[in-house]
Amino acid sequence: MDESTFEWASPLGLEASNGGLFVSRGTGVHPSRVIHSYELIFVKQGMLALHEAGRQFEVSAGETLLLWPGRLHGGTAPFAPDLQFFWVHFTLPEAAQGQTMVWPDSSVLRVPQHALIERREHLTGLFQRLLNDQELYGVQPFPDSLTILLMLWELTRSRGATASLDGAPQRLAASADRLIRTHFHEAISASTIADQLGCNADYLGRIFRSVYGRTLTDAVHDRRMLHAAILLAEGRLTIDQVARESGFEDCGHFRRIFKRSKGMTPNAFRRLHLRVHVNTA
């Protein structure tokens, strides 16, 4: 080994394969098939209806689904016109199939099959980075596997998509979250959300933070930043148009919030993420 070069060889227990971004044209159904790899799906917008081994799933925007190798899966409804989802395949060594991943510090990677992602913009960024790298360099087993492991770790921070929120305060917080996800592009704030839900803004803010770990204002900004990042990566709109589509009337304010959130300007983000492998129905 060259003394001036750091070298490290360590098996990750996971082998990456190809990934992509599916964009529906409003026709067709996901094929029924059995594959020999895991497939991680992250719905960007719309809803994907699938079955796996007799179990039905409806995967909405902001949710993931992990499909198992060797199990029959396929679509249960035609692709919706607005459907878009990221996907990536990976395999595990034969000895590890069906086992729980255990790390050196004895922590365990437990990934829900159908998850509601807490940090959606973070998982979106990981997929965009993976697809950008694969577009430039092809599939690279070691760095791509690291990225997929980060994706799976992000899933462990999330809750099952079908998990119930018990109690009136939790249900109220969930209602606020739904309003943010569907109305972020409008003139929305903590006070307008509270007004729509018929409750006190301070009370709603406290329970929302206890359930989701962030303020209502942060949740609105995070959702707007996620949408802006998606539009920037697609490259169809100007920066001013992206700002308006994401709920900002002032483009200068949008640029400041975006740089604070992503650590770079909207133009720099666009140049970094513009190359993406896209497949359509």
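Within each chain, residue numbers correspond to sequence positions counted from 1 in written order. Reporting in this predicted model follows two pLDDT cut-offs: at least 70 for local features of residues, and 80 or more for side-chain atom pairs to be given and counted; totals over whole chains, interfaces and linings ignore these cut-offs and use all residues. Side-chain numbers come from the whole structure's heavy atoms, not from hydrogens or water.

## Overview of the packing of aromatic side chains
Two rings belonging to Phe, Tyr or Trp (six-membered ring only in the last case) form a pair when the distance between their centres is within 6.5 Å. Interplanar angles under 30 degrees mark stacking, angles over 60 mark edge-to-face geometry, and anything in between is tilted. Overall, the coordinates contain 10 aromatic pairs when judged by the stated rule. Plain terms: the ring middles of Phe42 and Phe127 are 6.1 Å apart, the flat faces sit at 20° to each other, and that makes the pair stacked. Of this pair, Phe42 sits in strand β2 (residues 38–45) while Phe127 sits in helix α1 (residues 120–137), and the two are 85 residues apart along the sequence. Comparing Phe42 with Phe127, the two get one shared label, buried. Helix and strand labels come from DSSP, where a helix needs a run of H or I of at least four residues and a strand needs a run of E of at least two; each type is numbered from the N terminus. To sort residues, take the accessible area from a 1.4 Å probe on protein chains only and compare it with the maximum for the residue type: under 20% means buried, over 50% means exposed, and anything in between is partly exposed.

## Re the pairing of strand β4 (residues 55–60)
Put simply, side chains in a regular strand alternate between the two faces of the sheet. Here strand β3 (residues 47–52) runs beside β4; their pairing, made up of six bridges, is antiparallel. Residue pairing in the sheet places Leu50 in a bridge with Phe57 of β4. Two successive antiparallel strands, β3 and β4, enclose a turn made up of two residues, where Ala53 displays a positive phi of approximately 50°. Note on pairing: two strands pair once DSSP finds at least 2 bridges between them.

## Considering the environment of Leu272
The topology assignment puts Leu272 in helix α9 (residues 266–273). Look at Leu272 and you get partly exposed, because its relative accessible area is 42%. Along the primary structure Leu272 and Leu232 are separated by 40 residues, whereas in three dimensions their C-alpha atoms are 9.9 Å apart.

## Examining unusual backbone geometry
Within the chain, Ala53 stands out as a residue other than glycine whose phi angle is a positive 50°. Note on placement: Ala53 falls in the loop between β3 and β4.

## Details of the sheet that holds strand β6 (residues 73–75)
With antiparallel pairing, the three strands of this open sheet are ordered in space as β4-β3-β6. The sheet terminates laterally at β4 and β6, the two strands that pair on one side only. Each adjacent strand pair in this sheet contributes to an overall mean axis angle of 30°, direction not counted. Bridge analysis of β3 against β6 gives three bridges, and the strand direction is antiparallel. Considered in β6, the bridge of Leu50 is made with Gly75. Every axis in this analysis is a line fitted to C-alpha atoms, fitted for helices over the stretch in contact. Angles between the N-to-C directions lie between 0 and 180 degrees.

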